[in-house]
Amino acid sequence: MEMALVVDKVSKEFILRHNRAMGIKTRVLSLVHPSKRERREKFIALRDVTFSVPRGSALGLLGHNGSGKSTLLQIIAGILLPTSGFVQSRGRVAPLIQLGVGFHPELTGYENIFLNASLYGFLNRDTRKVLAEIIEFSELGEFIDTPLKNYSSGMQMRLGFSVAVHLSPDILLADEILAVGDQAFQEKCLRKISELRNQGLTLVLVSHSPDQVQKFCNEYVRLDHGRIVESSFGKSVE
């Protein structure tokens, strides 16, 4: 079975800086007041996370806020590098991770379609072939010529999702982005995901809803404090 995504022993550490000295006064005070001195703390966001997703399958990532789900998705998307371990993906990855990523607030929605598509490796002539479909699906109408800075979060989500799903992604990463916007458009997005899945799309879906994961995903992984604590792969959990 061909694997679309392999995550092997991925760990991620961040350095948190407390009492960071931003000026001369703070630095001088830190010389005589230990409580004012900069302190660094190691934060481990992910610990030895391992799983594989077959091509055309769908994986749900579950876990409370701060469990490491979003960090993991950013590593899979190539936005962050793991401290150890590696991620291997096959095909074009479309990350729907954060509103506004890949967009410029001063450009119109129309202009941002081309900007965002270029990040997926599409030439302008390729984007023009699906431009009408992107605009129609987004339901932005006359607002497509309005600068993005004037868009609501729901309008940004509509545009971002529409661009991503019309550029033939092989792997779609969705991080709670579908929680933004009205119910009717959310259902429209989920129908589109189902359609793409029938065409062989591989999906990694972050959700707080076990019901949504059960509906759209073949497998699931639950994270807690950066570790896999439960999964449908039958791995040992603690």
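Note on numbering: residues in each chain are counted from 1, in written sequence order. Two thresholds apply to this predicted model, a pLDDT of at least 70 for residue-level local features and 80 or more for giving and counting side-chain atom pairs, whereas whole-chain, interface and lining totals are computed over all residues. Side-chain numbers come from the whole structure's heavy atoms, not from hydrogens or water.

Student: Would you mind showing me how to read the side chain of Lys69 here?
Tutor: Put simply, DSSP marks the helices as runs of H or I at least four residues long and the strands as runs of E at least two long, and each gets a number from the N terminus on. With respect to the element layout, Lys69 can be found in helix 2 (residues 69–77). Residue contacts are counted whenever heavy atoms from the two residues lie within 4.5 Å of one another. Setting aside anything within four residues of it in sequence, one finds Lys69 in contact with Leu61, Leu62, Gly63, His64, Val206, His208 and Leu223.

Student: Which parts of the structure should I look at to understand the packing of aromatic side chains?
Tutor: Aromatic rings in a pair are described by how distant their centres are and how their planes are angled relative to each other. Only rings of Phe, Tyr and Trp enter the pairing, Trp through its six-membered ring, and a pair is recorded when the two centres are within 6.5 Å. The plane angle decides the type: under 30 degrees is stacked, over 60 is edge-to-face, the rest tilted. Enumeration over the complete set of coordinates arrives at three aromatic pairs. Ring geometry for Phe137 against Phe161: centres 5.9 Å apart, planes inclined by 25°, an arrangement best described as stacked. You can see Phe137 sitting in helix 4 (residues 124–138) and its partner Phe161 sitting in helix 5 (residues 153–165), a full 24 residues away along the chain. Between Phe137 and Phe185, the ring centres sit 5.8 Å apart and the planes meet at 70°, which makes this aromatic pair edge-to-face. With Phe137 in helix 4 and Phe185 in helix 6 (residues 183–198), this pair connects stretches of sequence that are 48 residues apart. Neither residue differs from the other here; Phe137 and Phe185 are each classed as buried. Following the ring pairs from residue to residue traces out a cluster consisting of Phe137, Phe161 and Phe185. In this analysis the charged atom, NZ for Lys or CZ for Arg, is taken to sit over a ring once it is within 6 Å of the ring centre and within 35 degrees of the ring normal. Positioned over the ring face of Phe14 is Lys12, at 5.3 Å from the centre of the ring. Directly above the ring of Phe185 sits Arg158, whose terminal nitrogen or CZ lies 4.5 Å from the centroid. In this scheme, a residue with accessible area under 20% of its type's maximum is buried, one over 50% is exposed, and one in between is partly exposed, where area comes from a 1.4 Å probe on protein chains only.

Student: Just checking my understanding: could you explain the sheet that holds strand 5 (residues 93–96) for this structure?
Tutor: Sheets are built from strands that pair by backbone hydrogen bonding, the pairs being arranged parallel or antiparallel. Paired strands, in this sense, are two strands between which DSSP finds at least two bridges. Read from one edge of the open sheet, six strands run 5-6-7-3-8-9, paired in mixed fashion. Strand pairing shows two members of the sheet lacking a second neighbour, strand 5 and strand 9 (227–231), which therefore form its edges. Each strand of the sheet is rotated relative to its neighbour by a mean of 20°, with strand direction disregarded. By the bridge criterion, five bridges tie strand 6 (residues 171–175) to strand 7 (residues 202–206) in an arrangement that is parallel. Looking across to strand 7, one finds that Leu173 is bridged to Val204. Most of the contacts of helix 2 go to strand 6, to which it runs at about 155°, and overall it touches strand 3 (58–62), strand 5, strand 6, strand 7 and strand 8 (219–224). In this analysis an axis means a line fitted to C-alpha atoms, helices contributing only their contacting stretch, and an angle means the value between N-to-C directions, from 0 to 180 degrees.

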